[in-house]
Structures are given as C-alpha cells and as structure tokens.
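What the coordinates show
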Amino acid sequence: MSAASCLLSEDQFRCSICLDVFTDPVTTPCGHNFCKNCINQHWNSNDQYLCPLCKETFYTRPKLHINTFISEMVSQFRQEAQQKASSSSSEQQAAKPGEVLCDICTGTKLKALKSCLVCLTSYCETHLEPHLTALGMKRHQLMDPVENLEDRMCMKHDKPLELFCKTDQTCVCMLCSVLDHKAHGVVPLKEEYEGMKAELGKTEAEIQEMIQKRRLKIQEIKHSVDLSKEAADREKVEGVQVFTALKESVERSLNELIETIEEKQRRTEKQAEDFIKELEQEISELKKRSSEVEKLSHSEDHLHLLQNFPSLKAAPPTKDWTEVSVRPLYEGTVVKAVAQLEETLSKQKKKQFEAELKRIQQYAVDVTLDPDTAHPDLILSDDGKQVYCGDVKNNLPDNPERFSLCHCVLGKQSLSSGRFYFEVQVKEKTNWTLGVAKESINRKETITLRPQYGFWTIWLRNGNEYKANSGPSVRLSLKSRPQKVGVFVDYEEGLVSFYDVDAAALIYSFTGCSFTEKLYPYYNPCPNNDGINSAPLIICPVNQTV
C-alpha cells in the first residue's frame, strides 16, 4: 500500500465537487468517486440524478456505499503526507518577495500554500496540515493564497462576508443582512457565486463564439486574398498576352508602313531612272541633229544644202516633257496605316471585352421584380420579369417599401457582399433608367439619381440621349444603340459597370464606391408617352456563350 501510494498525487484523492481530499468516498454506478455528503447535496439541489463528471442520468437515486478501498488509500495518503510534511518542514524555504506569507510562522516566514476563507488565515505546507486531517477543519474553504484576507471581513460588524446583497450588488455579513440590508434580496455567497460563474460561463462561451467568428473571418479574408492573388495572376498573364499582341500588331503595322513607303520610293526612283534614261537618249539624238545642222549650215554647195534642208528642218521625234514630273506619293500613307491599326486594335479590344463579359456573366443571378416596391402606375408580369408604365393608376396599399412619386421598382434579390450580374432588354424603348440602389433610399419623395443619395444608374432619354447619373451627369457617346444592357456589381471592389451585351462593349463604370448596406436592382421604365415608350423592360436570362 505504501509503495503504491507514493506514486499517487493529492489530485488523485480530490473530490471533483468540493475539490478537497475525499471524506467518506462513495462510488456511483458509472464508476466515479465523490465525497458522500457532496454527491448527496448535489442530487438534493437538482431535479435529475446526474453524474457531475460524465453526466450519465440515473432514473432512480442510487444507493451509495462507502468505498473502503479508496477510503483506506486516502487514509494512507494523509498519513504519508503528514510524515512528508513533518520531514520536509525544515527544508522549506523562506518566501520570496511578492509571495504570500504564512500567518502562523513565527520565525522565518515561509511561503503560504493555501488561504482559508473561514479562518481568514494563510498557511504554509506545514501549518496547513490540520485543515487536511482534522475533522472540524477539513471542510473549511481553501483557496490559492491571497493577501489582505481582512478585506473579506465586514468593516462595520467585523464578521465574515458570507452573503451577497442582490439589491445593492455588494458582499455583506450576517448582521448586515438583518440590519442595513433587511428588506433587500440577500443570498449566500456561494449561490451568487454559482450564478455569476454561470454568467461568466455564458460570457466565456460568447467570447469564444466571437473568437471563432473572427477566426473564420480571418480564414475568409485569407481565402479572399488567395482568390485575389489567383485572379491577379490570371489578369497579369492575360494582360501580358493582350499587350504583347498589341505590341506585335503595332510593330507589324510599323513594318508594313515602312515597307510600303520604301516600295513607293523604289517605284519613284525607277520611274525617275526611266525618265532620265529616255531624256538622255533624246539629248543624244538632238546633239546628233545639231551636229548635222551645223555642218550643213557651213556648206558652200547650194544644191546639197537645198536637198537636205527639209529633212533637217523638221523637228526630231521627241516627247513633250512639259507635264512630266516625279512626285512623292506618300500623302495619306501614315493615316491609312493608323486607321488599319485602329481597326485591328478595335477588333482585339472587342475580343477582350467579350472575354471580360463572359467572365462577368458567371456571376449572373436570377432577378425578379418586387411588387411591394412598384409604383402604382407600373404593370408587372406574373413571372416578375417584365415591367412597363400603364395609363391607369392601380389601387395598391401604400406600404413603406413602395415608390410613391417615381415610376420605379426594385428587384427582390439583394447584395451585401460579393458580386452579381443581370441583363435587361431595353429594345424599342425611348426612355429608361437602370442600375442599383441601396436599401435605405427615399421612396416617398422626388428621387435624385446620384451616388450620394444611394443610386448608381444610367439612363436613356428622347431615344438618343444617354447619360451616367454620377453627379454631375456624364453624357455617353455610344457607337450603337444598346438592345440589351448588362449590370455588374462588385461589392467589395466598390464597382458598378454597365455593358452593351450584343456589342460586348463597356458603357460606363462607377468606381471607388463605398457600399455599407444592401443593394437592390433598380428599374424605371418611364411613362409610355402616348405609346411611344410602351415597350417593357424585360429581365433576360443570361446567355453565357458570348
């Protein structure tokens, strides 16, 4: 027994309820050990018979018997602990600065091992022994050593602070509870301790939940960074490819321009060379005639001169060089080359926009119109995909979500993070407004379409006037009239972009936006203008095969 017990520590003989060395140890049916009085008090204060350790439920209260084996082990441990304490008391060292001192030591003050809340005294290992062995003292409440135990006494009545006044939220003694706090709600310290401990447990659970949420948020942010890096790498690769192709196009166009100019120069030089050769040949012929004329003019033979004069008098067969010239033919060469380059770049730009639009279309959402937000003049289709302005005002309840003055309607779907994309057919309309709006926009008064008021939109007016309502408005010059408009939002990036879907061209982008609340798709089909603008706005399914 002695050999075995020396391998055991004090913690192995502690009751998990009172945290003290076992007194009358008993064993529950599930195999756990407790002080007999501790487990009985635990069951008396609860509705169910649960094991405090493993939480196993007993449907009838178990009959408990003293575990003689453990009881003997505890007794043996106490004896050995007492012997060890006696033999080692001389070996204990004096307390170091900052450590709690034993209140019993008379000579050199030793380090306190425990403080007793009943005795209001701190004890070293040697002087603590009675609290571990004496029957009347072993139930005293021990705790890790603390200073100023007198603070645990009532300053007014010099009694232990054993109670808690829930009314004044302060610790009181027994006399306080019947005098100064007589009509207050007073409970034992342990009861309030248990309650506050439970509250601390809830607080700790809430804190742990907050920690877990933040850890998850860290993982989410790190994942976003990883995704961003992947996207950045893709964009860099694509950017290198695009600009390499542009560079090659420019270099190719420059080489073709230089080759064209040089070819024209070669033709000019060849033409000039032919002209000079022909002129030199004529000069040679003319010199020959000049020599013959001069020779004949010096002749004294009358007959010879008269016979040859007609042939020499006639003009030699020469070319009329008056209108002949050699002119450079370079005018418009560079302009034409630049125009061809622009056409090539335009094709590559369109190809790039098509690829970008195809990527954006991956964020397409199925948007439907919210009838609870629709102005009473608007007519919505049963499937919530079409809207136009009618001639008769509908009798609808004026709920807080409904637009009262402007012919607007929002989508049911919202965005508070991430990205979304939707497409709207605007074919055959002369007036419309499209975009997104934040949740808190004013729906009962006149609307100002500006980002500072929660709107990010573009519009068409009078069939050909396109504007981005960016405050101040920006007039848009479009090469073609869009038949279908795509709207893309990147919440974190603060981006709202509009696309001409058929032309695969960017119409306009709001950048650097700061979104702090939900965003909703925004539609305004505008009044039908005596049937001229009667065509509906139609939310289209996104075709991702552009």
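Coordinates for the structure precede this section.
Below, the structure is looked at part by part. This is a predicted model, so every value here is computed, not measured.

Definitions and limits used
Note on numbering: residues in each chain are counted from 1, in written sequence order. Whole-chain, interface and lining totals are the exception, using all residues; otherwise, since this is a predicted model, local features are given only for residues with pLDDT of at least 70 and side-chain atom pairs are given and counted only at 80 or more. With hydrogens and water stripped out, all remaining heavy atoms of the structure feed into the side-chain values. Definition of nonpolar core: a set of buried residues of the types Ala, Val, Leu, Ile, Met, Phe, Trp, Tyr and Cys, connected through side-chain atoms within 4.5 Å. Only protein chains enter the area calculation, which uses a 1.4 Å probe; residues under 20% of their type maximum are buried, those over 50% are exposed, and those in between are partly exposed. By definition in these notes, contact holds between two residues if any of their heavy atoms fall within 4.5 Å. Numbering of helices and strands runs from the N terminus; a helix is a DSSP stretch of H or I covering at least four residues, while a strand is a stretch of E covering at least two. Pairing between two strands requires that DSSP report at least two bridges joining them. To get an axis, a line is fitted to the C-alpha atoms, and for a helix only the part in contact is used. The angle between two axes follows their N-to-C directions and goes from 0 to 180 degrees. Take a side-chain nitrogen of Lys or Arg and a carboxyl oxygen of Asp or Glu: if they are within 4 Å of each other, that pair is a salt bridge. Using a 1 Å grid laid over the protein atoms alone, points where a 1.4 Å probe fits but cannot get out form a cavity; open sets with protein on both sides within 12 Å along at least 5 of 7 lines form a pocket; any residue with an atom within 4 Å of a point counts as lining. Grid points are joined across faces, edges and corners, and a volume is the space filled by probe spheres set on the points. Residues are grouped as follows: Ala, Val, Leu, Ile, Met, Phe, Trp, Tyr, Cys and Pro are nonpolar; Asp, Glu, Lys and Arg are charged; all remaining types, including Gly, are polar.

Ranked by size, the top nonpolar core spans 36 residues in total, and within it Trp 432, Ile 458, Val 485 and Tyr 523 carry the most contacts. When residues no more than four places from it in sequence are discounted, the contact partners of Ile 458 are Trp 432, Thr 433, Leu 434, Lys 467, Ala 468, Asn 469, Leu 476, Val 485, Phe 498, Ile 507 and Tyr 508. Counting 17 residues, the second largest nonpolar core, distinct from the first, contains Phe 13, Phe 34, Cys 38 and Ile 70.

With that settled, consider the environment of Arg 78. Residue position: Arg 78 is located in helix α3 (residues 68-88). When sequence neighbours within four positions are dropped, the list of residues in contact with Arg 78 reads Val 21, Phe 22, Thr 23, Glu 129, Leu 132 and Lys 138.

Sheet architecture is open: seven strands sit in the order β11-β12-β23-β14-β19-β20-β21, paired in antiparallel fashion. Unpaired on one side and paired on the other, β11 (378-380) and β21 (505-510) mark the two borders of the sheet. For this sheet, the mean angle separating the axes of adjacent strands, direction not counted, is 20°. Lying over the sheet, helix α8 (residues 333-360) contacts β14 (419-425), β19 (484-490), β20 (495-500) and β21, oriented at roughly 120° with respect to β20.

A few words now on the pattern of salt bridges. Counted under the stated rule, the structure contains 19 salt bridges. For Lys 114, the salt bridge is made with Asp 144, and the minimal N-O distance between the two is 3.4 Å. Residue Lys 114 is found in strand β5 (residues 114-116), and its partner Asp 144 is found in the loop between β7 (142-143) and β8 (163-165); the two are separated by 30 residues along the sequence. A relative accessible area of 21% means that Lys 114 is categorised as partly exposed. Accessibility expressed as a relative area gives 54% for Asp 144, which makes it exposed. The partner of Arg 359 in a salt bridge is Glu 238, and the shortest N-O contact between them spans 3.1 Å. Of this pair, Arg 359 sits in helix α8 while Glu 238 sits in helix α6 (residues 189-297), placing them 121 residues apart in sequence. The class for Arg 359 is partly exposed, based on a relative accessible area of 28%. Of the residues examined, Glu 238 reaches a relative accessible area of 16% and is grouped as buried.

Any space left empty among the atoms is revealed by the rolling of a water-sized probe across them. A volume near 1,100 Å³ is recorded for the second largest pocket. Forming the boundary of the second largest pocket are 28 residues, of which Ala 231, Tyr 363, Arg 419, Asp 490 and Glu 493 lie nearest the centre. Ranked by the residues each element gives to the lining of the second largest pocket, the list is headed by α6, at 13 residues. A breakdown of the residues in the lining of the second largest pocket according to their chemical character gives nine nonpolar, seven polar and 12 charged.

Spatial relationships are all this shows, so hold off on functional conclusions.
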